[in-house]
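Report on the structure
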Amino acid sequence: MPRQTESLLATLKLLAPALVPSWNFFDVIAPAPRVEYALLASPGDTTGTWRVFRPRPEHVSLARMARRLVWNPRWNQSLFVMSCAERLAEDRTPEHSEAELFRRIAADLAAEPAAPARPWLCFRLVFVHRDGQALTEEVMVQPAPRRLADIDIR
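Counting starts from 1 at the beginning of each chain's written sequence and moves along it residue by residue. Where local features are concerned, this predicted model is filtered to residues with pLDDT of at least 70; where side-chain atom pairs are given and counted, the filter is 80 or more; whole-chain, interface and lining totals use all residues. Only hydrogens and water are removed before side-chain values are computed, so all heavy atoms of the structure are retained for them.

So, on to helix H3 (residues 73-89). Here H3 is 17 residues long and its end C-alpha atoms lie 24 Å apart, about the 24 Å a rise of 1.5 Å per residue gives. Exposure classes here rest on a 1.4 Å probe applied to the protein chains alone. A residue is buried below 20% of its type maximum, exposed above 50%, and partly exposed in between. In DSSP terms, a helix is any run of H or I states spanning at least four residues, a strand is any run of E spanning at least two, and both are numbered starting from the N terminus. The complete set of buried residues in H3 reads Ser78, Val81, Cys84, Ala85, Arg87 and Leu88. Those residues of H3 that are buried lie in contact with strand S1 (34-40), helix H4 (94-110), strand S3 (120-131) and strand S4 (134-141). Following H3 by one or two positions, aspartate 91 adopts a phi angle in the positive range, close to 60°. Expected span, for any helix, means 1.5 Å times one less than how many residues it has. Working rule for contacts: check all heavy atoms of both residues, and any pair within 4.5 Å makes them a contact.

In this structure, Val35, Leu101, Ile105, Leu121, Phe123 and Leu125 are the most contacted members of the largest nonpolar core, which totals 19 residues. Secondary structure elements with two or more residues in this core: S1, H3, H4 and S3. Sorting elements by how many residues they give to this core places H4 first, with five residues. Setting aside its immediate chain neighbours within four residues, leucine 125 contacts Pro33, Arg34, Val35, Ala85, Leu88, Ala89, Leu101, Glu138, Val139, Met140 and Val141. Only buried residues count toward a nonpolar core. Its members are Ala, Val, Leu, Ile, Met, Phe, Trp, Tyr and Cys residues joined through side-chain atoms within 4.5 Å.

Within the fold, arginine 103 resides in helix H4. For arginine 103, the side chain forms a polar contact with the side chain of glutamate 100, separated by 2.5 Å. N or O atoms closer than or at 3.5 Å make up a polar contact, with two conditions inside protein: a donor-capable atom paired with an acceptor-capable one, and, for residues adjacent in sequence, both atoms drawn from side chains. One polar contact links the side chain of arginine 103 to the main-chain carbonyl oxygen of aspartate 152, over a distance of 3.0 Å.

Attention now goes to H4. Each α-helix winds once per 3.6 residues, and so residues spaced three or four apart point in a common direction. With 17 residues, H4 extends 24 Å between its outermost C-alpha atoms, agreeing within 8% with the 24 Å of an ideal straight helix rising 1.5 Å per residue. Along H4, the positions that sit buried rather than exposed are Ser97, Glu100, Leu101, Phe102, Arg103, Ile105, Ala106, Asp108 and Leu109. Packing partners of the buried residues in H4 comprise S1, H3, S3 and strand S5 (146-147).

Criterion used throughout: strands pair if DSSP finds at least two bridges between them. The pairing of S1 with S3 spans seven bridges and is antiparallel. Each residue of the ladder has a partner; that of glutamate 36, found in S3, is arginine 124. Where S3 meets S5, two bridges bridge the pair, whose relative direction is antiparallel. Paired with tryptophan 120 across the strands is arginine 147, a residue of S5. Note that S3 and S4 share seven bridges and pair antiparallel. Bridge pairing in S4 places phenylalanine 127 opposite glutamate 138.

Written as C-alpha coordinates, this is what we have:
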(Lines give C-alpha, C1' and ligand atoms only; values in the text may rest on other atoms or scores of the structure.)
Protein backbone atom coordinates (compact mmCIF):
# COMPACT_ATOMS: atom_id res chain seq x y z
CA MET A 1 0.00 0.00 0.00
CA PRO A 2 1.47 3.39 -0.93
CA ARG A 3 2.47 5.80 1.82
CA GLN A 4 -0.14 8.37 0.76
CA THR A 5 -2.96 5.85 1.23
CA GLU A 6 -1.61 4.87 4.65
CA SER A 7 -1.37 8.52 5.61
CA LEU A 8 -4.93 9.16 4.44
CA LEU A 9 -6.26 6.18 6.42
CA ALA A 10 -4.41 7.33 9.54
CA THR A 11 -5.91 10.79 9.17
CA LEU A 12 -9.42 9.34 8.70
CA LYS A 13 -8.99 7.21 11.83
CA LEU A 14 -8.16 10.35 13.78
CA LEU A 15 -11.10 12.31 12.34
CA ALA A 16 -13.68 9.55 12.63
CA PRO A 17 -14.47 10.09 16.35
CA ALA A 18 -15.02 13.80 15.70
CA LEU A 19 -17.24 13.22 12.66
CA VAL A 20 -19.23 10.29 14.10
CA PRO A 21 -19.54 10.85 17.84
CA SER A 22 -19.95 8.00 20.27
CA TRP A 23 -22.80 8.12 22.77
CA ASN A 24 -21.07 5.80 25.22
CA PHE A 25 -20.32 8.63 27.63
CA PHE A 26 -23.74 8.31 29.31
CA ASP A 27 -23.35 6.33 32.54
CA VAL A 28 -27.05 5.90 32.99
CA ILE A 29 -30.13 7.29 31.32
CA ALA A 30 -32.37 8.86 33.93
CA PRO A 31 -34.82 11.73 34.13
CA ALA A 32 -33.20 15.15 34.21
CA PRO A 33 -34.13 17.47 37.04
CA ARG A 34 -36.37 20.41 36.30
CA VAL A 35 -35.18 23.69 37.83
CA GLU A 36 -37.98 25.77 39.34
CA TYR A 37 -37.66 29.08 41.17
CA ALA A 38 -39.81 31.27 43.38
CA LEU A 39 -39.51 34.83 44.64
CA LEU A 40 -40.28 35.16 48.32
CA ALA A 41 -41.11 38.06 50.66
CA SER A 42 -38.87 36.63 53.42
CA PRO A 43 -36.68 33.57 53.97
CA GLY A 44 -39.52 31.75 55.75
CA ASP A 45 -42.21 32.71 53.22
CA THR A 46 -44.05 29.80 51.58
CA THR A 47 -46.43 31.80 49.37
CA GLY A 48 -44.09 32.13 46.39
CA THR A 49 -45.26 30.85 43.03
CA TRP A 50 -42.93 28.21 41.58
CA ARG A 51 -41.98 28.78 37.93
CA VAL A 52 -39.93 26.62 35.60
CA PHE A 53 -36.58 28.23 34.88
CA ARG A 54 -36.05 28.71 31.13
CA PRO A 55 -38.92 26.54 29.90
CA ARG A 56 -38.55 25.12 26.43
CA PRO A 57 -40.71 26.75 23.77
CA GLU A 58 -43.66 24.72 22.56
CA HIS A 59 -42.91 25.59 18.92
CA VAL A 60 -39.78 26.68 17.07
CA SER A 61 -40.00 27.85 13.47
CA LEU A 62 -37.85 26.22 10.82
CA ALA A 63 -35.89 29.45 10.22
CA ARG A 64 -35.19 29.86 13.93
CA MET A 65 -34.16 26.22 14.21
CA ALA A 66 -31.70 26.67 11.33
CA ARG A 67 -30.27 29.80 12.96
CA ARG A 68 -29.90 27.94 16.26
CA LEU A 69 -27.71 25.35 14.56
CA VAL A 70 -25.11 28.06 14.03
CA TRP A 71 -25.64 30.46 16.93
CA ASN A 72 -27.37 29.58 20.19
CA PRO A 73 -25.52 30.85 23.28
CA ARG A 74 -28.66 30.76 25.44
CA TRP A 75 -29.08 27.04 24.82
CA ASN A 76 -25.43 26.47 25.78
CA GLN A 77 -26.10 28.32 29.04
CA SER A 78 -29.20 26.21 29.60
CA LEU A 79 -27.13 23.05 29.13
CA PHE A 80 -24.69 24.36 31.74
CA VAL A 81 -27.61 25.02 34.12
CA MET A 82 -28.80 21.44 33.58
CA SER A 83 -25.30 20.13 34.22
CA CYS A 84 -25.16 22.09 37.49
CA ALA A 85 -28.58 20.76 38.49
CA GLU A 86 -27.53 17.17 37.83
CA ARG A 87 -24.29 17.62 39.80
CA LEU A 88 -26.21 19.17 42.69
CA ALA A 89 -28.73 16.31 42.69
CA GLU A 90 -25.85 13.80 42.76
CA ASP A 91 -24.13 15.82 45.53
CA ARG A 92 -21.06 16.45 43.36
CA THR A 93 -19.65 19.98 43.72
CA PRO A 94 -22.79 21.10 45.62
CA GLU A 95 -21.48 24.52 46.67
CA HIS A 96 -20.38 25.46 43.15
CA SER A 97 -23.50 24.09 41.49
CA GLU A 98 -25.86 25.79 43.95
CA ALA A 99 -24.05 29.13 43.57
CA GLU A 100 -24.13 28.88 39.76
CA LEU A 101 -27.86 28.09 39.74
CA PHE A 102 -28.61 31.06 42.00
CA ARG A 103 -26.39 33.25 39.81
CA ARG A 104 -28.02 32.20 36.50
CA ILE A 105 -31.57 32.61 37.81
CA ALA A 106 -30.78 36.01 39.37
CA ALA A 107 -29.13 37.17 36.14
CA ASP A 108 -32.24 36.28 34.13
CA LEU A 109 -34.43 38.10 36.67
CA ALA A 110 -32.16 41.17 36.56
CA ALA A 111 -32.56 41.31 32.77
CA GLU A 112 -36.34 41.69 33.10
CA PRO A 113 -37.63 45.28 32.83
CA ALA A 114 -39.49 45.37 36.17
CA ALA A 115 -37.64 44.75 39.41
CA PRO A 116 -39.05 41.84 41.43
CA ALA A 117 -41.30 42.90 44.30
CA ARG A 118 -40.12 40.01 46.45
CA PRO A 119 -36.42 40.25 47.40
CA TRP A 120 -35.66 36.61 48.23
CA LEU A 121 -34.89 33.93 45.64
CA CYS A 122 -35.31 30.21 46.14
CA PHE A 123 -34.99 27.34 43.68
CA ARG A 124 -35.65 23.64 43.77
CA LEU A 125 -34.87 20.61 41.66
CA VAL A 126 -37.94 18.59 40.74
CA PHE A 127 -37.84 15.13 39.20
CA VAL A 128 -40.92 14.10 37.25
CA HIS A 129 -41.51 10.39 36.73
CA ARG A 130 -44.37 8.18 35.69
CA ASP A 131 -46.06 6.16 38.43
CA GLY A 132 -48.48 3.93 36.56
CA GLN A 133 -50.69 6.31 34.60
CA ALA A 134 -49.95 9.34 36.79
CA LEU A 135 -47.02 11.73 36.67
CA THR A 136 -45.34 12.18 40.03
CA GLU A 137 -43.20 15.15 40.98
CA GLU A 138 -40.51 14.71 43.60
CA VAL A 139 -38.58 17.65 45.03
CA MET A 140 -35.02 16.43 45.52
CA VAL A 141 -33.12 19.60 46.42
CA GLN A 142 -34.28 22.94 47.77
CA PRO A 143 -31.53 25.12 49.22
CA ALA A 144 -32.17 27.97 51.63
CA PRO A 145 -33.37 31.19 49.99
CA ARG A 146 -30.89 33.97 49.23
CA ARG A 147 -31.46 37.69 49.00
CA LEU A 148 -31.39 38.75 45.34
CA ALA A 149 -29.24 41.81 46.13
CA ASP A 150 -26.56 39.54 47.65
CA ILE A 151 -26.16 37.33 44.57
CA ASP A 152 -23.23 38.34 42.36
CA ILE A 153 -24.48 38.11 38.78
CA ARG A 154 -21.32 39.57 37.22
